[in-house]
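What the coordinates show
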Amino acid sequence: MKDLKDYENLNRKENLKLASKVVHGAEGIDPATGSISFPIYQTATFKHSGIEIRDPYNYSRCINPTREELEKTMAILEEGTRAFAVNSGMAAITLVFSLLKPGDHLIMSDDIYGGTFREVNEVLEVNGIEHDSIDLSDLDLLKKTIKKNTKMIFVETPTNPMMKVADIEKITKIGHDIGALVVVDNTFLTPYFQRPLTLGADIVVHSGTKYLAGHNDVLAGVVVVKDSKIGETLEIKMYIYGAGLGPMDSWLMLRGMKTLALRMDKHNENAMKVANWLRSQPKVEKVYYVGFEDHKDYEVTKKQTTGFGGMISFKVDSTKTVNQILLKLKLIMFAESLGGVESLITE
Ligand SMILES: *Cc1c(COP(=O)(O)O)cnc(C)c1O
């Protein structure tokens, strides 16, 4: 186990833009050899250097240098104090939900990632954790939904698929007034476009599978926290669950993230063109895209993000049109997931 001080002394390279931070990481190079590509420490365990000596590395379920480099890089990018890289976005969300106890109440976005919804309904509910799913773009509704035992507000913004936007800063104020933790699933925008911890949120979760890794070749999840006490709790839970991301997958993520800024800018540019084009099509009834100036929460988007991302949903006139689109598309593939260099579509 590494000393927390290591995180406090993170070389944040504060003068760098995010586009350079993703390239240079935390350590960036291998401190042992100078290797420019951070090595894949493909090992399950580490040799002890003596009795009663606490070596920094002991066993890869607890700590692994490649995963640690990824975690520190994510802490830098999201401006948190600690990060945890785990086996999938769902593992990251599970780790965060493990902070709740029976009798607690959770408020979450109504239009939320399907896996998160399933976990809340099939696991949390069974374990005595209550919840309400609401439209978090409606702050009055949020205030009305709060209960004495509300311990967490889980925000996804923008939401999938309806592209609803929630005001992170305002939700945080409401949440903190009642002592609840505010968690933001930042998968869609990544720290390149949105940094929830700087807006007041306590925890950020990611499906690293998507834009962060960016090449549809790895499953990963990340949790980033602001408070080091929560970090200590999650660290222990991560060891217990055995959820830590493997060295090879950690490296793939570090490798993918080097081009995050370039990819996000291009996704942003292309999505704007596609959304406008879709809007002009006679068989398209409605396009949901946060970059439209007439989007209900365009002002909130402008305030809290520096880009619109690459996600679009749209409604067409009939099921027949849906089938025609899915089967006739040439470049865009009909497949689950998002955020990779290939463009995907799903119904
Ligand atoms: C994909 C996704 C998840 C789950 O991530 P996995 O890596 O598939 O486990 C969670 N939240 C959002 C917004 C997602 O898109």
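Look up a bit, the structure's there.
Residues numbered from 1 in each chain as written. Predicted model: local features only at pLDDT ≥ 70, side-chain atom pairs only at ≥ 80, totals over all residues. Heavy atoms only, no water.

Within the protein chain, the regular secondary structure consists of 13 helices and 11 strands. For 347 residues, the compact-globule formula gives about 20 Å, and the C-alpha radius of gyration of the protein chain, at 21 Å, lands near that figure. Over its C-alpha atoms, taken along the principal directions, the protein chain stretches across nearly 75 × 50 × 40 Å. Long-range pairs, those at least 24 residues apart, make up 68% of the contacts in the protein chain between residues at least 6 apart in sequence. Accessible surface, the protein chain: about 16800 Å² in total, of which carbon and sulfur atoms supply 55%. Averaging the coordinates of the 42 positive side-chain charges in the protein chain and doing the same for the 46 negative ones gives two points 3 Å apart. (Helix = DSSP H or I, 4+ residues; strand = E, 2+ residues; numbered from the N terminus. Rg over C-alpha atoms; globule rule 2.2 N^0.38 Å. Contact = heavy atoms within 4.5 Å. Areas by Shrake-Rupley, 256 points an atom, 1.4 Å probe, with all protein chains shown as cover. Lys, Arg positive; Asp, Glu negative; His and termini not counted. Charge placed at Lys NZ, Arg CZ, Asp CG, Glu CD.)

What follows deals with helix α4 (residues 89-97). Most of α4 sits out of view: seven of its nine residues are buried. Restricting attention to buried positions, one finds in α4 the residues Gly-89, Ala-91, Ala-92, Ile-93, Leu-95, Val-96 and Phe-97. (Buried < 20%, exposed > 50% of the residue type's maximum accessible area, 1.4 Å probe, protein only.)

Turning to the pattern of salt bridges, a few remarks are in order. The full count for this structure, using the stated rule, is 15 salt bridges. Between Lys-72 and Glu-68 there is a salt bridge whose closest N-O contact spans 3.8 Å. Here the residue Lys-72 and the residue Glu-68 both occupy positions in helix α3 (residues 65-78), the gap between them amounting to four residues, near one helical turn. Neither Lys-72 nor Glu-68 differs from the other in exposure class; each is buried. Glu-169 is the partner of Lys-303 in a salt bridge, and the nearest nitrogen-oxygen pair spans 4.0 Å. Here the residue Lys-303 occupies a position in helix α12 (residues 298-304), and Glu-169 occupies one in helix α7 (residues 168-177), the gap between them amounting to 134 residues. Judged by its relative accessible area of 32%, Glu-169 falls in the partly exposed class. The network of salt bridges with shared partners includes Asp-167, Glu-169, Lys-170 and Lys-303. (Salt bridge = Lys/Arg side-chain N within 4 Å of Asp/Glu carboxyl O.)

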